[in-house]
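What follows is each chain in one-letter form.
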Amino acid sequence: MFKKILIANRGEIAARVIRTCKSLGIATVSIYSKVDKEAPHVKMADEAYEVGNPKVTDSYLKIDKILDIARLSKADAIHPGYGLLSENAEFARRCEEAGIVFIGPSADVIARMGSKIEARYSMEQAGVPVVPGISCALADAEEAAQAASRIGYPVMLKASAGGGGIGMLIVYNESEMKQAFEGNQKRASNFFGDGAMYLEKVVENPRHIEIQILADSHGNTVYLWERECSIQRRHQKVVEEAPSTFLDELMRSKMGEAAVRAAQSIGYRNAGTIEFLVDGNKNFYFLEMNTRLQVEHTITEEITGLDLVAEQLRIAAGHSLNFGQSDVTRDGHAIEVRIYAEDPKTFFPSPGVISKFAIPEGDGIRHELAVHDGSMVTPFYDPMIAKLIVKGKDRDEAIDRIQEALADYQVEGIKTNIPMLQEVIAHPAFRSGDTTTSFVAKYFNGEDMT
Ligand code: MV4
């Protein structure tokens with residue numbers, strides 16, 4: 001096992017990784033920007049080094065500086081967390097070249113899944129269902145119109161370098177195609193430096209259901225059930241739960257097996273997530289693969305009893321998974337909400353000093369925290385200050401528990417989205433399981449999902 005790990009991240013995920021390292025007796029190295037000197041992830045680590053100015057491009061994204069610190073501190077591996085450099089193939093490659101283990105898949109696999117066209121093509125080859133559409137770059141608007149008329153409107157025009165809702169446009173008919181294609185291509189070129197575009201038929205009113213997988217470097221891959229993350233606002237997840245109310249056991253195993261097939265076909269290693277769109281007729285289609293640990297990994301931990309960070313470290317250190325598919329259990333129901341420093345009415349970030357931070361403790365309540373009493377929320381980073389995770393014996397108990405816990409949350413000095421979370425959780429449509437990606441648009445007047 002590793003002796004010392006550098007965590008190339010900040011906030012709650014850095015704290016989360018450090019916690020598991022401590023439990024395994026692994027020393028930890030944190031990095032921090034000038035405004036993060038007093039941050040929890042700095043205090044928790046055995047060693048901490050400044051990486052630069054507040055902006056992420058001057059600090060947490062500085063590959064050379066981070067590798068220098070890893071060498072200086074003699075770290076044998078780097079955990080990238082999520083966001084930041086976690087899906088940066090160049091960073092993974094630079095770690096490989098420096099002889100420092102990148103805790104994640106190979107640089108080649110990150111690059112391949114980062115190209116949404118290549119990802120779609122790979123999955124199609126592996127026999128994983130994809131949305132009817134095109135799996136190569138469209139040459140021009142004319143070719144796009146031809147493909148669209150074959151597939152049937154409306155179609156979703158997507159940038160290969162996009163993902164997570166960026167660089168995506170619905171086209172309703174042929175007369176819109178030329179302008180849509182050229183506009184979207186230009187934006188993708190400017191934004192990503194890659195204008196490659198593909199298209200898919202629009203899946204109407206879908207659910208977002210993703211499968212967590214673990215793959216070791218000895219050919220063993222398992223799925224750890226699903227997470228339903230359909231309730232999103234502007235492609236930001238608001239509530240995540242496991243299991244999904246929408247899946248029966250047959251569909252659950254079909255999706256799990258498809259996810260394992262997807263991972264194995266590309267030689268995937270470490271923890272990963274296969275995202276699927278699920279339509280009202282229970283058809284499921286590959287959407288994207290996330291080649292990192294995700295924010296919502298906690299709910300999978302709650303229902304399986306596994307420590308996913310520990311599994312990531314064991315895999316990266318070359319160990320075999322010490323369990324097989326039939327050993328993976330599922331117990332109870334878990335829900336996570338993301339607590340943001342933002343105005344619940346305008347959704348604008350609400351930076352400032354947290355003058356009071358008091359959170360409820362109790363059966364089935366877990367917190368992953370980026371802040372504490374007196375913390376400063378700056379405008380430089382993602383405004384997520386905490387994740388609240390609850391577990392119940394069933395979904396009703398989990399919903400009751402999260403409602404109580406949200407009511408007992410006390411945050412002063414900044415605004416938070418807690419009122420919005422309470423409204424979502426208290427909504428009869430949420431209790432009844434009517435959780436599609438249209439939830440926010442349907443029940444929160446004026447708010448749309450684009
Ligand atoms: C789609 C789709 C419908 N049909 N693709 C949004 C995020 C990005 N990863 C892909 N997304 C979508 N792709 C086809 N062919 C609808 C969405 C979508 C969505 C997907 C998951 C969760 C929330 C969403 C909200 C709006 C649109």
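This structure is a prediction, so every number in the text was calculated from the model and none was measured.

Scoring rules and cut-offs
- Residues numbered from 1 in each chain as written.
- Predicted model: local features only at pLDDT ≥ 70, side-chain atom pairs only at ≥ 80, totals over all residues.
- Heavy atoms only, no water.
- Domains from an automatic or database assignment.
- Contact = heavy atoms within 4.5 Å.
- Buried area = accessible area lost by both parts, 1.4 Å probe.
- Salt bridge = Lys/Arg side-chain N within 4 Å of Asp/Glu carboxyl O.
- Polar contact = N/O pair within 3.5 Å; in protein donor to acceptor, adjacent residues only side chain to side chain.
- Nonpolar A, V, L, I, M, F, W, Y, C, P; charged D, E, K, R; others polar.
- Helix = DSSP H or I, 4+ residues; strand = E, 2+ residues; numbered from the N terminus.
- Near = heavy atom within 4 Å.
- Buried < 20%, exposed > 50% of the residue type's maximum accessible area, 1.4 Å probe, protein only.
- Arc of directions from axis to C-beta.
- Core = buried A, V, L, I, M, F, W, Y, C linked by side-chain atoms within 4.5 Å.
- Pairing = 2+ DSSP bridges.
- Axes fitted to C-alpha atoms, helices over the stretch in contact; angles between N-to-C directions.
- Expected span 1.5 Å × (residues − 1).
- Bend = angle between axes of the 7 residues up to and from the residue.
- UniProt positions renumbered as here; feature names shortened; annotations may be inferred.
- Phe/Tyr/Trp six-rings, centres within 6.5 Å; stacked < 30°, edge-to-face > 60°.
- Lys NZ or Arg CZ within 6 Å of the ring centre and 35° of its normal.

Peer 1: Just checking my understanding: could you explain the domain arrangement of the chain for this structure?
Peer 2: Bring the parts together and some accessible area is lost; that lost area is often taken as the interface size. Domain boundaries in the chain define domain 1 (4-103), domain 2 (132-201) and domain 3 (207-443). With six residues of domain 2 at the contact, the number on the domain 3 side is four residues. Summed over both partners, the interface of domain 2 with domain 3 comes to about 380 Å²; 50% of that surface belongs to carbon and sulfur atoms. There are zero salt bridges connecting domain 2 and domain 3. Where domain 2 touches domain 3, the interface holds zero residue pairs in polar contact (both at pLDDT 80 or more). Class assignment for the residues of the side of domain 2 that touches domain 3 results in two nonpolar, three polar and one charged.

Peer 1: I keep staring at the side chain of Arg-366 and nothing clicks. Help me out?
Peer 2: Summarising the element assignment, Arg-366 is placed in strand 19 (residues 365-369). Engagement of the side chain of Arg-366 in a polar contact is seen with the side chain of Glu-368, the distance being 2.9 Å. Here Arg-366 is in contact with Arg-16, Arg-19, His-297, Thr-298, Glu-301, Glu-302, Lys-387, Leu-388 and Ile-389, once residues within four sequence places are set aside.

Peer 1: Can you walk me through the site of the ligand in this structure?
Peer 2: Not every one of the 17 residues close to the ligand is listed here, only the nearest: Lys-158, Glu-200, Lys-201, Val-203 and Glu-288. At 2.8 Å, a backbone N or O of Lys-201 approaches a nitrogen atom of the ligand. Elements supplying a minimum of two residues to the shell around the ligand: strand 6 (155-163), strand 8 (197-201) and strand 15 (284-290). No fewer than three residues from each of domain 2 (132-201) and domain 3 (207-443) sit in the shell around the ligand.

Peer 1: Explain helix 4 (residues 89-98) here, please?
Peer 2: Taken together, the buried positions of helix 4 are Ala-89, Phe-91, Ala-92 and Cys-95. For helix 4, the angular spread of buried residues about the axis comes to 165°, placing them on one side. Residues of helix 4 that are buried in the fold lie against helix 3 (63-73), strand 4 (77-79), strand 5 (101-102) and helix 5 (107-114). The N-cap of helix 4, judged by a side-chain oxygen 3.0 Å from the amide nitrogen of Glu-90 a few residues on, is Asn-88.

Peer 1: I would appreciate a short explanation of the nonpolar core in the present structure.
Peer 2: Here is a general trend for soluble globular proteins: nonpolar side chains tend to be buried in one another's company. Of all hydrophobic cores here, the largest spans 64 residues; its most connected members are Leu-214, Met-255, Phe-276 and Phe-286. Broken down by element, this core gets its largest block of residues, seven residues, from helix 9 (residues 249-265). Counting contributing residues, this core receives three or more from each of domain 1 (4-103) and domain 3 (207-443). Excluding residues that lie within four positions of it along the chain, Leu-214 makes contacts with Asn-220, Thr-221, Val-222, Leu-224, Asn-270, Ala-271, Leu-308, Glu-311, Ile-315, Leu-321 and Phe-323. In terms of nonpolar packing, the next biggest core, distinct from the first, is built from 35 residues, Phe-357, Val-371, Ala-429 and Phe-444 among them.

Peer 1: Hey, could you run me through the sheet that holds strand 7 (residues 166-171) in this one?
Peer 2: Taken in spatial order, the three strands make up an open sheet running 7-6-8, and their pairing is antiparallel. The outermost strands of the open sheet, each flanked by one partner alone, are strand 7 and strand 8. The sheet shows a mean angle of 25° between the axes of neighbouring strands, taken without regard to direction. Two strands pair when backbone bridges link them, and strand 6 and strand 7 are joined in this way by five bridges, in the antiparallel orientation.

Peer 1: What should I look at first to understand the pattern of salt bridges in this one?
Peer 2: Once their charged atoms are close, side chains differing in charge can pair, the charge on each being opposite to the other. Taken as a whole, this structure holds 37 salt bridges when the rule is applied. Counted as one network, the salt bridges with shared partners bring together Arg-16, Arg-19, Glu-301, Glu-302, Asp-307, Arg-366 and Glu-368.

Peer 1: How should helix 8 (residues 174-192) be read in this particular structure?
Peer 2: Two residues of an α-helix separated by three or four positions point the same way, owing to the 3.6 residues in each turn. The first and last C-alpha atoms of helix 8 sit 26 Å apart over 19 residues, in line with the 27 Å expected at 1.5 Å per residue. Of all the bends in helix 8, the greatest measures close to 25° and is centred on Ala-180. Among the residues of helix 8, Met-177, Ala-180, Phe-181, Asn-184 and Ala-188 are the ones counted as buried. Those residues of helix 8 that are buried lie in contact with helix 7 (141-151), strand 6, strand 7 and strand 8. Positive phi shows up at Gly-193, right after helix 8, with a value of about 70°.

Peer 1: Can you walk me through the UniProt feature "domain: ATP-grasp" (unreviewed entry) in the chain in this structure?
Peer 2: What UniProt calls "domain: ATP-grasp" (unreviewed entry) maps, in this numbering, to residues 120-317. For residues 120-317, helix accounts for 35% and strand for 31%, while the C-alpha atoms at its two ends are 30 Å apart.

Peer 1: Looking at this structure, I do not really get the packing of aromatic side chains. What am I missing?
Peer 2: Aromatic ring pairs are reported here in terms of the distance separating the ring centres and the angle at which the planes meet. Enumeration over the complete set of coordinates arrives at nine aromatic pairs. Taking 6.0 Å as the distance between ring centres and 85° as the angle between the ring planes, the aromatic pair formed by Phe-91 and Phe-102 counts as edge-to-face. Of this pair, Phe-91 sits in helix 4 while Phe-102 sits in strand 5, and the two are 11 residues apart along the sequence. Three or more aromatic residues joined by ring pairs make a cluster, and in this case those are Tyr-60, Phe-380 and Tyr-381. Above the plane of the ring of Phe-246 lies Lys-282, whose end atom (NZ or CZ) is 4.7 Å from the centre. Directly above the aromatic system of Trp-225 lies the positively charged group of Arg-330, at a separation of 4.8 Å from the ring centroid.

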